[in-house]
Amino acid sequence: QVQLVESGGGLVQAGGSLRLSCVSSSQIFSSYVMGWFRQAPGKEREFVATVSSARNTYYGDSVNGRFSISRDNAKKMVYLQMDSLKPEDTAVYYCAAKPDIGGSYYTQYDYWGQGTQVTVSS
């Protein structure tokens, strides 16, 4: 069982920045795809970004160019740098993981964190 713990959420004004972090308990972290998703009240969960074991990155259309995902395999951590934040970025952000064995990078993650709240005020 892989445990994921997010941190770094909070309240920020529009145009500001936040950096989310996620630490994994997995001993084979480097072989996992790591992703970030978000869910706003009353809305479906939305793909935000992902980084493969080869460090290829993919972003959702709504955050492309503003958010950046990265990973530190030695620390077993994945980060989401969020810049130029907008009120519509307000959501609970979840870290997710799955073995990098092919398939879609956007769905079917096996492990999820508890989430961290991000609120962007206008």
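Residues numbered from 1 in each chain as written. Predicted model: local features only at pLDDT ≥ 70, side-chain atom pairs only at ≥ 80, totals over all residues. Heavy atoms only, no water.

## A word on the pairing of strand S11 (residues 116-121)
Taken residue by residue, a regular strand's side chains alternate between the two faces of the sheet.
Piece 1. Of the two faces of S11, only the one carrying Thr116, Val118 and Val120 is buried; Gln117, Thr119 and Ser121 on the other face are not.
Piece 2. For strand S2 (residues 10-13) and S11, the ladder comprises four bridges, and the chain directions are parallel. In the sheet register, Val12 faces S11, and the bridge partner there is Val120.
Piece 3. The pairing of strand S9 (residues 91-99) with S11 spans three bridges and is antiparallel. The residue bridging Ala91 from the neighbouring strand is Val118, located in S11. (Buried < 20%, exposed > 50% of the residue type's maximum accessible area, 1.4 Å probe, protein only. Helix = DSSP H or I, 4+ residues; strand = E, 2+ residues; numbered from the N terminus. Pairing = 2+ DSSP bridges.)

## Overview of the nonpolar core
Piece 1. Membership of the largest hydrophobic core comes to 28 residues, with the highest contact counts inside it found for Met34, Trp36, Leu80, Met82 and Tyr93.
Piece 2. Elements supplying a minimum of two residues to this core: strand S3 (18-24), strand S4 (32-39), strand S5 (46-51), strand S7 (67-72), strand S8 (77-82), S9 and S11.
Piece 3. One finds Val33, Phe37, Ala96 and Tyr109 within the second-largest nonpolar core, a separate group that totals six residues. (Core = buried A, V, L, I, M, F, W, Y, C linked by side-chain atoms within 4.5 Å.)

## A few points about the environment of Asp61
Piece 1. You can see Asp61 is positioned in the loop between strand S6 (57-59) and S7.
Piece 2. Along the sequence, Asp61 and Ala49 sit 12 residues apart, while their C-alpha atoms lie 9.6 Å from each other.

## Concerning the pattern of salt bridges
Opposite charge on two side chains allows them to pair when their charged atoms are near.
Piece 1. One pass over the full model with this rule turns up three salt bridges.
Piece 2. Glu46 is the partner of Arg38 in a salt bridge, and the nearest nitrogen-oxygen pair spans 2.8 Å.
Piece 3. Arg38 gets classed as buried once you look at its relative accessible area, which sits at 5%.
Piece 4. Taken together, the shared-partner salt bridges in this structure form one network comprising Arg38, Glu46, Arg66 and Asp89. (Salt bridge = Lys/Arg side-chain N within 4 Å of Asp/Glu carboxyl O.)

## Section: the packing of aromatic side chains
Where two aromatic rings form a pair, the distance of their centres and the angle of their planes describe that pair.
Piece 1. All chains considered together, the criterion is met by eight aromatic pairs.
Piece 2. Against the face of Tyr79 rests Arg19, its NZ or CZ located 4.0 Å from the ring centre.
Piece 3. Lying across the ring of Phe37, Arg45 places its NZ or CZ 6.0 Å from the centre. (Phe/Tyr/Trp six-rings, centres within 6.5 Å; stacked < 30°, edge-to-face > 60°. Lys NZ or Arg CZ within 6 Å of the ring centre and 35° of its normal.)

## Re the sheet that holds S7
Piece 1. Strand order across the open sheet formed by four strands is S1-S3-S8-S7, with antiparallel pairing between neighbours. Each having just a single partner strand, strand S1 (4-7) and S7 make up the two edges of the open sheet. Averaged over neighbouring strand pairs, the angle between their axes works out to 15° when direction is ignored.
Piece 2. Where S3 meets S8, six bridges bridge the pair, whose relative direction is antiparallel. Residue pairing for S8: Cys22 is matched across the bridge by Val78. (Axes fitted to C-alpha atoms, helices over the stretch in contact; angles between N-to-C directions.)

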